[in-house]
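Residue-level structure breakdown
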Amino acid sequence: MTKDKENHTNDVALWLNGQGVCSDLSATLLPIVNAGIEITDAVLAASLEGKTGAAGSVNVQGEEQKELDIITNDIVLRHLEDCRQVCASVSEEIDELIPITNADKNAPYVVCFDPLDGSSNIETNSIIGTIFSVLQLRRNNRPVTEADILGAANNQVAAGYVLYGPTTSLILTTGKSVAMFVLDCKTKHFVLVQSDMKILPETAEFSINSAYTRFWEPEIFAYVDLCIKGKSGPRQKDYTMRWSGAMIADVHRLFIRGGIFIYPSLNKPGSENGKLRFLYEANPTAMLVEVAGGLAHMRADTIRAHQPTGLHQRVPVILGSRNEVKILIDLYRH
Ligand code: P6P
């Protein structure tokens, strides 16, 4: 039977079941997936409704918020209110942890999310996305605290993102494999298109914002110099470069054709640990990349071994094709 005649009302639920995911975790992930479907409509409508501009506020990071940042944040929070197994959430757009009022007394999960990564791309009609991470806590009948969440950062049981581009794509893992689904806009259901994505071990494509070259650590400068020297240099191959302004679009490319994505620490005030936040940008993308056979590092150490010290702590990020990431990591080790 061709795809367009099959019933895809529950491809995501079926895939989660096939991964052996417990019903409580599925019941946590499916509302997030539904939020992605609703955000697709909100993003599509924003231009006609004049909602692609600034909201006139800044987030906890001091970054200007777009109207869609706030709209999408509210959409995710509303869907999370239905998740009885989620005790709290952490959002890029809100300083403190957000308790979930309808949660069961010992609800074990915390959802960390960036509702709209790359929102500066909205006004240029470029790719944006929602990133999410599910952490499992050990609960003991008391209200969840920031320390509980930070202590559970390494107990990440699911991660994913929804990319709003020419198609709305959902990339999801619960630790065994990485699946890709594409939204059928007619039926409003995600269709499974790839069930075990792998990142190519080799690449000839790097992704970094080269405007910050003067702020880079020596290891980053040395690595990019190797790429730029191309065939006539030690690597003896030519590279190309991509930088989309939305981490999740650059990360998605890793799953499609390999590559290395780098947002390093920068030697300028406020960027000593780079720009990307651990709980809802680095940690989820690191899980996805590692499950797909890639590497995910903060300099010589892996991202997922990091113990965060704050809900919005920034960390340097190096993700991608394992043989390429190893070249950069070796520069930090020697
Ligand atoms: P720069 C978007 O604001 C973001 O957090 C990431 O999605 C993206 O990779 C990065 O910032 C872009 O930062 O410094 O190049 O503008």
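It should be noted that the structure appears before, not after, this text.
The present account deals with the structure reproduced in this document.

What counts and what doesn't
- Residues numbered from 1 in each chain as written.
- Predicted model: local features only at pLDDT ≥ 70, side-chain atom pairs only at ≥ 80, totals over all residues.
- Heavy atoms only, no water.
- Helix = DSSP H or I, 4+ residues; strand = E, 2+ residues; numbered from the N terminus.
- Axes fitted to C-alpha atoms, helices over the stretch in contact; angles between N-to-C directions.
- Parallel < 35°, antiparallel > 145°, perpendicular 65-115°, else oblique.
- Contact = heavy atoms within 4.5 Å.
- Nonpolar A, V, L, I, M, F, W, Y, C, P; charged D, E, K, R; others polar.
- Near = heavy atom within 4 Å.
- Polar contact = N/O pair within 3.5 Å; in protein donor to acceptor, adjacent residues only side chain to side chain.
- Areas by Shrake-Rupley, 256 points an atom, 1.4 Å probe, with all protein chains shown as cover.
- Left-handed = near helix turned anticlockwise from the far one by under 90°.
- Expected span 1.5 Å × (residues − 1).
- Buried < 20%, exposed > 50% of the residue type's maximum accessible area, 1.4 Å probe, protein only.
- Arc of directions from axis to C-beta.

**Re unusual backbone geometry**
With a phi angle near 55°, Asn125 is a residue other than glycine that sits in the positive phi range. Note that Asn125 resides in the loop between strand E5 (109-117) and strand E6 (128-136). Phi is positive for Arg299, which is not a glycine, with a value near 60°. Here Arg299 lies in the loop between strand E14 (295-298) and strand E15 (301-302).

**Here's the deal with the packing of helix H6 (residues 247-257) against helix H7 (residues 278-291)**
Taken N-terminus to C-terminus, the directions of H6 and H7 make an angle of 10°; their axes are 11 Å apart at the nearest point. With respect to each other, H6 and H7 are oriented roughly parallel. In this structure, H6 contributes Met247, Ile248, Val251, Leu254 and Phe255 to the contact, and H7 contributes Glu281, Thr285, Leu288 and Val289. Tallied by class, residues from the contact of H6 with H7 come to seven nonpolar, one polar and one charged.

**Concerning the site of the ligand**
Around the ligand lies a shell of 13 residues, among which Asp117, Asn209, Tyr212, Met247 and Tyr263 are the nearest. One of the side-chain N or O atoms of Tyr263 is found 2.7 Å from an oxygen atom in the ligand. Coverage of the ligand by the protein amounts to 84% of the 400 Å² it exposes when considered alone. Partitioning the shell around the ligand into residue classes produces six nonpolar, three polar and four charged.

**Considering the packing of helix H2 (residues 23-46) against helix H3 (residues 67-80)**
Relative placement of two packed helices is described by the angle separating their axes and the distance separating the axes. The geometry of H2 relative to H3 is characterised by a closest axis approach of 9 Å and an angle of 155° between their N-to-C directions. By the angle between their axes, H2 is roughly antiparallel relative to H3. Of the two elements, H2 crosses H3, and the hand of that crossing is right-handed. Contacts from Pro31, Ile32, Asn34, Ala35, Glu38, Ile39, Ala42, Val43 and Ala46 in H2 reach Leu68, Ile71, Thr72, Ile75, Val76, Arg78, His79 and Leu80 in H3. Counted by class, the contact of H2 with H3 contains 12 nonpolar, three polar and two charged residues.

**Considerations on helix H5 (residues 218-229)**
Taking 1.5 Å of rise per residue, the 12 residues of H5 would be expected to cover 16 Å, and the 16 Å separating its terminal C-alpha atoms lies within 8% of that figure. Of all the positions in H5, only Ile220, Tyr223, Val224, Leu226 and Cys227 are classed as buried. End-on, the buried residues of H5 take up no more than an arc of 150°, which puts them together on one face. Facing away from the buried side of H5 by more than 90 degrees, the exposed set consists of Pro218 and Ile228. In this structure, the buried residues of H5 make contact with strand E11 (205-207), strand E13 (260-263) and helix H8 (322-333). One or two steps after H5, the chain reaches Gly230, where phi turns positive at roughly 55°.

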